[in-house]
Amino acid sequence: MTPNTDELSSVLGVIVAPGLFELALTHRSFAYENGGLAHNERLEFLGDSILGQAVTVMLYTENPQLDEGELAKRRASLVSSVALAEVARSIGLGAYIRLGRGEELTGGRDKSSILADTLEALIGATYLDLGGEAATALVLRLIRPLLENPDRFGASMDPKTSLQELAARLGRGLPSYQVSDSGPDHSKRFHATVLLGTDPIAAGDGSSKKHAEMAAALQAWTLLQTPAT
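Residues numbered from 1 in each chain as written. Predicted model: local features only at pLDDT ≥ 70, side-chain atom pairs only at ≥ 80, totals over all residues. Heavy atoms only, no water.

This part is about helix H1 (residues 5–12). Listed as buried for H1 are Leu8, Ser9 and Leu12. Relative to the axis of H1, the buried residues are bounded by an arc of 105 degrees and lie together on one face. Opposite the buried face of H1, at more than 90 degrees from it, the exposed residues are Asp6 and Ser10. In this fold, the buried residues of H1 make contact with helix H2 (18–24), helix H8 (112–130) and helix H9 (132–147). Positive backbone phi, at 80 degrees, marks glycine 13, one or two positions downstream of H1. (Buried < 20%, exposed > 50% of the residue type's maximum accessible area, 1.4 Å probe, protein only. Helix = DSSP H or I, 4+ residues; strand = E, 2+ residues; numbered from the N terminus. Arc of directions from axis to C-beta. Contact = heavy atoms within 4.5 Å.)

Next up, the structure:
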């Protein structure tokens, strides 16, 4: 049972038509296990385009000193599945996603790919129901926290290098990665675990080995940055 979505609407700062909102939160695993319901992949496709445009315009207008190469690098970081998953976790999005039993049992609520895709679907739903201005405002509210934390932004741009540098400062040695894959050849999913020495520190998933390693590295960087209590 997922929480009341009114709470999520409040966090996002938008009120989308209930049916559209529910669709945006419906993963294909839930749809397939419940008689072939509609799922959120079309909304994700739309939201991805809106996200890219909003971030491009923001970076261009707010950074007149940056050249095209640096703008492209920053945009790629901000719209990456690693960054979007981090944003999704910060608002507790995983708790609201409608997942099939298989995904539920394998930790789907914290999979970077599912979190990022669902966030894009919510952006798409906002555009359809409330228009471009509301969708753009939502994107900027979600993305700005990354820009306001230089260390965090740097880590999300290049998490593997950032983790390597942090581990060296802490005297933890070089990170290494163990990667496994699952699913058919045309739709493989990758799962990466990052280790320091022989100690597993964090894990991540993605649609490629690279994306899974990046997700795991960012999670490890976050954990190492958090003071022990």
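For H8, with 19 residues, the first-to-last C-alpha span of 27 Å sits near the 27 Å given by 1.5 Å per residue. Most of H8 sits inside the fold, with 14 of its 19 residues counted as buried. Two residues or fewer past H8, glycine 131 is found with a positive phi of approximately 100 degrees. (Expected span 1.5 Å × (residues − 1).)

Within the secondary structure, threonine 26 sits in the loop between H2 and helix H3 (28–33). Here threonine 26 falls in the buried class, since its relative accessible area comes to 1%. Only 2.7 Å separates the side chain of threonine 26 from the backbone oxygen of glutamate 22, close enough to count as a polar contact. Beyond its immediate stretch of four places on either side in the chain, threonine 26 contacts Ala31, Ala38, His39, Asn40 and Arg98. (Polar contact = N/O pair within 3.5 Å; in protein donor to acceptor, adjacent residues only side chain to side chain.)

Here we take up the pattern of salt bridges. A complete count under the given rule lists 10 salt bridges for this structure. Note that arginine 144 and glutamate 62 form a salt bridge whose closest N and O atoms lie 2.5 Å from each other. Linking arginine 144 in helix H9 with glutamate 62 in helix H4 (residues 41–62), this pair joins segments that are 82 residues apart in sequence. Its salt-bridge partner being arginine 74, residue glutamate 70 comes within 3.1 Å of it at the nearest N-O pair. With glutamate 70 and arginine 74 both in helix H5 (residues 68–78) and 4 residues apart, this pair spans about one turn of that helix. (Salt bridge = Lys/Arg side-chain N within 4 Å of Asp/Glu carboxyl O.)

What follows deals with the packing of aromatic side chains. Scanning the model with the defined rule gives 0 aromatic pairs in all. A cation sits over an aromatic face here: lysine 160 above tyrosine 177, 4.7 Å from the ring centre. (Phe/Tyr/Trp six-rings, centres within 6.5 Å; stacked < 30°, edge-to-face > 60°. Lys NZ or Arg CZ within 6 Å of the ring centre and 35° of its normal.)

Spatially, the 3 strands line up as an open sheet ordered S1-S2-S3, and their pairing is antiparallel. Every interior strand has two partners, whereas the edge strands, strand S1 (175–182) and strand S3 (199–206), have only one. Ignoring strand direction, the axes of neighbouring strands in this sheet form an average angle of 20 degrees. In this fold helix H12 (residues 209–225) packs onto S1, strand S2 (189–196) and S3, with an angle of close to 135 degrees to the strand it touches most, S3. (Pairing = 2+ DSSP bridges. Axes fitted to C-alpha atoms, helices over the stretch in contact; angles between N-to-C directions.)

Its location among the elements puts aspartate 185 in the loop between S1 and S2. For aspartate 185, a relative accessible area of 70% gives the class exposed. C-alpha separation for the pair aspartate 185 and glycine 35, spaced 150 residues apart in sequence, amounts to 25 Å.

Extensive coverage of S2 is indicated by the burial of 6 of its 8 residues. Bridging between S1 and S2 involves 8 bridges; their strand directions are antiparallel. Bridged to proline 175 within S2 is leucine 196. Count of turn residues in the S1/S2 antiparallel hairpin: 6 residues, of which glycine 183 carries a positive phi of about 95 degrees.

Bringing the packing of helix H11 (residues 159–169) against H12 into the picture now. Closest axis-to-axis distance for the H11/H12 pair is 8 Å, and the angle between their directions is 35 degrees. The way H11 lies across H12 gives a crossing that is left-handed. Where H11 abuts H12, its residues Pro159, Lys160, Ser162, Leu163 and Leu166 lie against Glu213, Met214, Ala217, Leu218, Ala220, Trp221, Leu224 and Gln225. Residues belonging to the contact of H11 with H12 are distributed by class as follows: 9 nonpolar, 2 polar and 2 charged. (Left-handed = near helix turned anticlockwise from the far one by under 90°. Nonpolar A, V, L, I, M, F, W, Y, C, P; charged D, E, K, R; others polar.)

Turning to the nonpolar core, a few remarks are in order. Membership of the largest hydrophobic core comes to 42 residues, with the highest contact counts inside it found for Leu8, Leu12, Leu93, Leu122 and Ile143. At the level of elements, H1, H2, H4, H5, helix H6 (81–90), H8 and H9 are the ones that each hand at least two residues to this core. Top element by residues in this core is H8. It accounts for 8 residues. The contacts of isoleucine 143, once residues within four sequence positions are left out, are Leu51, Val55, Met58, Leu78 and Leu84. (Core = buried A, V, L, I, M, F, W, Y, C linked by side-chain atoms within 4.5 Å.)

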